[in-house]
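Analysis of the macromolecular model
Chain by chain, the residues:
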Amino acid sequence: MTQADRYYESDEFRELLQRYETAQAEGRSIYLEPDEIADIAEYYQMLGNDVNATAAADYGLTIFPASAVLLAVRARLALIAGDISQARHYASLTDDTTSPDYHYITAEILIAEGKPDEADRYLTGILDSLYDDEREDFIIDATGIFADYQQWELAYRWLQLSTDFDAADYKELRGRIAMNRGNYEESERIFNELIDSDPYSTPYWNHLASTQLMHGNIRDSIQSSEFSIAINPDDAEAILNKANGLFSLGNYHDAREFYRRYAQLYPGEETGELYQGICCMNENLIDEGIDHLRRAEQVVKPGTAGQLDIYQELAFALSQKGLTDEALHYLDLMARSPLADECEVLVMRGHLLIESGRYDEGQRCYSRAISQSKAAPRILLRIAISIYDLGFYQQSYRMFQLLHETSDQTRTDGYAYEALCCHALGRRDEFIENVRLACEKNLAEAQLVLSELFPPDVEAKDYYNYLISNE
């Protein structure tokens, strides 16, 4: 458990928070130190309550307008809201530009601007100016920044500078980095070790659940999430991890309940509503699914990848209802986004047109996508899956053969879908070989795509061995 997590669970912090909240409820001022107000704001932000976090930081700045720690918190909240220019404004108001808080938020702004290497150079310059007794904390904090912004290679390089190998913060970062570099066994070992020393740490249980999920140990992941929820029934990360685990097992009914709980905890974030919608679609609850997707559309931040996900799901859901024109409208919205892949949108358009009976128009969309992408493997795969979902198994099989001709052995996606296609066509040997490749190259895809073909108690990593042993 990190020092921050320990502090937030302490009697000292609970008493501080109660004093602050009582004063706010009574409409009176209360004197607190800048660090104390910053702790309260960061606590609210950790809970996903950005409104209260911002209010606390703004309250502190009325008393301490040049406080480095409060200005860093306020700038960080601006980054979370996607306003880099406002974040820079708050950082610029700092009087003490030698403060670590100023250095950290400066680096975070650079990362948010898409300049992680510049942030690395900036923090390296600061590190070189520090005394030996200041270096270790700075190294761990810098590593944490790069990890929080998913700059895993930079996080790995910074952690190599640390020498405090037995510290819990060091081990936690090492476990997170291992997980996100694909070293799942090492990550599981580290978090199990941390749990042995602190079995009531929900962050450790949540990290363990995440790495187990990514490693394909779905049932173990669900169990780890349940331990975390037992410790804190409102732990949003644990609830989301359990929902994702149930979703991976194809248990959409139970997954939907946990996505609902997550949506209640984070009503201003789209994930809970989006995945409730997807679960409903998988249960053939089309109208209910569309309702959830529309709620997700209302809260998602514009111009984000999440918005594209919602548009895509709405397009397919509306198409299933026969509302082709409205479905195509959502693909038009997708196509306008700089985040969208034009060729992938063309494949989706082709799918919806064929689904509505406009075969020639749909085929032309597929052809344009192949031509414009120069037969890119990712587009051939999308088309092969699309054709399979439309029920044209033989044509899908031929597209998978073309995919083999245009890709090499480094490809990791698509083998599970090809296995499905071969299964539908009765090509048993090819089915078994593609299951083997799917389990070897992309276990998460194998679990998601193939789970309905195997007994519920068989783990994805065992699919191939199960087939061989039952031949």
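In case you missed it, the structure is sitting above this.
A few points on the structure. (Residues numbered from 1 in each chain as written. Predicted model: local features only at pLDDT ≥ 70, side-chain atom pairs only at ≥ 80, totals over all residues. Heavy atoms only, no water.)

Glancing now at helix α13 (residues 202-214). Here α13 is 13 residues long and its end C-alpha atoms lie 18 Å apart, about the 18 Å a rise of 1.5 Å per residue gives. Taking burial as the measure, the 13 residues of α13 include 12 buried ones, the bulk of the element. Taken together, the buried positions of α13 are occupied by T202, P203, Y204, W205, N206, H207, L208, A209, S210, T211, Q212 and L213. Between the side-chain oxygen at the start of α13 and the backbone nitrogen of Y204 there is a gap of 3.2 Å, and the oxygen is on S201. At the C-terminal side of α13, G216 shows a positive phi close to 90 degrees. (Helix = DSSP H or I, 4+ residues; strand = E, 2+ residues; numbered from the N terminus. Expected span 1.5 Å × (residues − 1). Buried < 20%, exposed > 50% of the residue type's maximum accessible area, 1.4 Å probe, protein only. Polar contact = N/O pair within 3.5 Å; in protein donor to acceptor, adjacent residues only side chain to side chain.)

Moving on, we get to unusual backbone geometry. One non-glycine residue, Q150, lies in positive phi territory at about 60 degrees. By secondary structure assignment, the location of Q150 is in the loop between α9 (132-148) and α10 (152-159). A relative accessible area of 59% places Q150 in the exposed class. Positive phi, normally seen in glycine, also occurs at N284, with a value near 65 degrees. You can see N284 is positioned in the loop between α17 (271-282) and α18 (286-299).

Quick look at the packing of aromatic side chains now. For the structure shown, the criterion picks out 22 aromatic pairs. With a centroid separation of 5.6 Å and an interplanar angle of 40 degrees, the aromatic rings of Y104 and F138 are classed as tilted. Note that Y104 is positioned in helix α7 (residues 100-112) and F138 in helix α9, a separation of 34 residues in sequence. Over the ring of Y156 we find R181, and its NZ or CZ is 3.8 Å from the ring centre. In this arrangement the basic side chain of R427 is found over the ring face of Y397, its NZ or CZ atom lying 4.0 Å from the centre. (Phe/Tyr/Trp six-rings, centres within 6.5 Å; stacked < 30°, edge-to-face > 60°. Lys NZ or Arg CZ within 6 Å of the ring centre and 35° of its normal.)

This part covers the nonpolar core. Formed by 84 residues in total, the largest nonpolar core has its most connected members in L331, V435, L450 and Y463. Judged by nonpolar contacts, the second largest core, of 34 residues, contains Y8, A38, A56 and A72. (Core = buried A, V, L, I, M, F, W, Y, C linked by side-chain atoms within 4.5 Å.)

On to the state of the cysteines. Put plainly, two cysteines are in a disulfide when a covalent bond ties their sulfur atoms together. The final tally for this structure, using the stated rule, is zero disulfides. A disulfide-free cysteine, C279 has its sulfur positioned 7.1 Å from the sulfur of C280, the nearest such atom. Given a relative accessible area of 0%, C280 falls into the buried group. (Disulfide = S-S within 2.5 Å.)

Now for the pattern of salt bridges. Taken as a whole and assessed by the stated rule, the structure comprises 29 salt bridges. Residue E113 pairs with K115 through a salt bridge whose shortest N-O separation is 3.7 Å. In this structure E113 comes out as partly exposed when scored by relative accessible area, which is 29%. The exposure class of K115 is partly exposed, given its relative accessible area of 36%. As a salt-bridge pair, K242 and E226 come within 3.0 Å of each other at their nearest N and O atoms. With a gap of 16 residues between them, K242 in helix α15 (residues 236-248) and E226 in helix α14 (residues 218-231) connect regions that are remote in the sequence. Since its relative accessible area comes to 37%, E226 is described here as partly exposed. A cluster of three or more residues bridged by salt bridges with shared partners is formed by D341, E344, R378 and R382. (Salt bridge = Lys/Arg side-chain N within 4 Å of Asp/Glu carboxyl O.)

Let's shift gears to helix α21 (residues 342-355). With 14 residues, α21 should cover 20 Å at 1.5 Å per step; its first-to-last C-alpha distance of 20 Å lies within 8% of that length. The buried count for α21 comes to 11 of 14 residues, which makes it a mostly enclosed element. Taken residue by residue, α21 has C343, V345, L346, V347, M348, R349, G350, H351, L352, L353 and I354 as its buried positions. Among the structural elements, α19 (305-320), α20 (324-335), α22 (359-372) and α23 (377-389) are those in contact with the buried residues of α21. For α21, the N-terminal cap is D341; the gap from its side-chain oxygen to the backbone nitrogen of C343 is 2.9 Å. Positioned one or two residues after α21, G357 has a phi angle of 95 degrees, which is positive. (Contact = heavy atoms within 4.5 Å.)

Moving on, we get to the packing of α21 against α22. Each packed pair of helices is defined by two parameters, the angle between the axes and the distance between the axes. For the pair α21 and α22, the least separation of the axes is 7 Å and the interaxial angle reads 165 degrees. Classified by the angle between their axes, α21 and α22 sit roughly antiparallel to one another. Every pair of crossing elements has a handedness; the one defined by α21 and α22 is left-handed. Note on element contacts: α22 touches α21 through Y359, E361, G362, Q363, C365, Y366, R368, A369 and Q372, opposite E342, C343, L346, V347, R349, G350, H351, L353 and I354. Its residues assigned to classes, the contact of α21 with α22 shows nine nonpolar, five polar and four charged. (Axes fitted to C-alpha atoms, helices over the stretch in contact; angles between N-to-C directions. Parallel < 35°, antiparallel > 145°, perpendicular 65-115°, else oblique. Left-handed = near helix turned anticlockwise from the far one by under 90°. Nonpolar A, V, L, I, M, F, W, Y, C, P; charged D, E, K, R; others polar.)

Before going further, it helps to spend a moment on the side chain of E270. Looking at the element boundaries, E270 is found in the loop between α16 (252-265) and α17. Buried and without a salt bridge, E270 has K301 as its closest oppositely charged side chain, separated by 7.7 Å. (Lys, Arg positive; Asp, Glu negative; His and termini not counted.)

A separate point is the environment of L159. For L159, the location among the structural elements is in helix α10. Using a relative accessible area of 4% as the deciding quantity, one classes L159 as buried. Dropping the residues within four chain positions of it, L159 is found in contact with I140, T143, Y170, L173, R174 and I177.

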